[in-house]
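Each chain, letter by letter, is given below.
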Amino acid sequence: MKSGDIPVLTRLSDSHHAIPSADEDVRGRKVTDRSGNELGKVSDLIIDEEERKVRFLLMEHGGFLGIGEKKSYIPVDAVADVAEDEIRIDRTRDDVVDAPEYDPELVDQREYYDRVYTHYGYAPFWGTGYIPPRFPYRV
């Protein structure tokens, strides 16, 4: 996806990288909003292979037994707290529900990432003046 000046982003599960410590691997943990409402679970991490940093959580939510399940990208900038069995984001359920819909055909386009960052109210990681959050972990 070399689109302009942003690097290629890849699912951690599709790369040769790994989270250095099992305690820091948040895949499979539930995601809650700022009020503690459960939103879904982290199915994968979207990484910047060049910088070796996690940029997005790929969250699965909704559905029943995998049927009707949806996926959303959540910028790691939204992570407020990481606990042993959950990740709390600093946004509401409505923020996640109203986020740009995950579409595998669009996720390799800069415009999709711009929409996700704009929706959540964060500056994109490739912009000038970007301040990295305390999460993400390096891969």
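Look up: the structure comes first, before these words.
Residues numbered from 1 in each chain as written. Predicted model: local features only at pLDDT ≥ 70, side-chain atom pairs only at ≥ 80, totals over all residues. Heavy atoms only, no water.

1. Details of the layout of surface pockets
Remark: the empty space left among the atoms is shown by a probe the size of a water molecule rolled over them.
Here's step 1: The volume enclosed by the largest pocket comes to roughly 160 Å³.
Here's step 2: No other element matches the three residues that strand S5 (residues 70–75) contributes to the lining of the largest pocket.
Here's step 3: Among the residues making up the lining of the largest pocket, the classes are represented as five nonpolar, two polar and three charged. (1 Å grid on protein atoms, 1.4 Å probe; cavity = no way out; pocket = protein on both sides within 12 Å on 5 of 7 lines; lining within 4 Å. Points joined across faces, edges and corners; volume = space filled by probe spheres on them. Helix = DSSP H or I, 4+ residues; strand = E, 2+ residues; numbered from the N terminus. Nonpolar A, V, L, I, M, F, W, Y, C, P; charged D, E, K, R; others polar.)

2. A few points about the packing of aromatic side chains
Here's step 1: Under the criterion given, the structure shown has ten aromatic pairs.
Here's step 2: Consider the rings of Phe56 and Tyr73, whose centres lie 5.3 Å apart with planes at 45°: the pair is tilted. Of the two residues, Phe56 is situated in strand S4 (residues 53–61) and Tyr73 in strand S5; the sequence distance between them amounts to 17 residues.
Here's step 3: Ring pairing ties together the aromatic residues Phe56, Tyr73, Tyr102, Tyr112, Tyr113, Tyr117, Phe125 and Trp126, which thus form one cluster. (Phe/Tyr/Trp six-rings, centres within 6.5 Å; stacked < 30°, edge-to-face > 60°.)

3. Comments concerning the side chain of His17
Here's step 1: Mapped onto the secondary structure, His17 falls in the loop between strand S1 (9–11) and strand S2 (30–32).
Here's step 2: Given a relative accessible area of 14%, His17 falls into the buried group.
Here's step 3: Of note is the side chain of His17, whose polar atom sits 3.4 Å from the side chain of Glu49.
Here's step 4: Dropping the residues within four chain positions of it, His17 is found in contact with Leu12, Ile47, Glu49, Arg52 and Val139. (Buried < 20%, exposed > 50% of the residue type's maximum accessible area, 1.4 Å probe, protein only. Polar contact = N/O pair within 3.5 Å; in protein donor to acceptor, adjacent residues only side chain to side chain. Contact = heavy atoms within 4.5 Å.)

4. Quick look at the nonpolar core
Across soluble globular proteins, nonpolar side chains show a tendency to be buried alongside one another.
Here's step 1: In terms of nonpolar packing, the biggest core is built from 36 residues, with Leu45, Val54, Phe56, Leu57, Tyr73, Ile74 and Ile89 touching the most fellow members.
Here's step 2: Of all the elements in the fold, those that place two or more residues in this core are strand S3 (38–48), S4, S5, strand S7 (86–89) and helix H2 (110–120). (Core = buried A, V, L, I, M, F, W, Y, C linked by side-chain atoms within 4.5 Å.)

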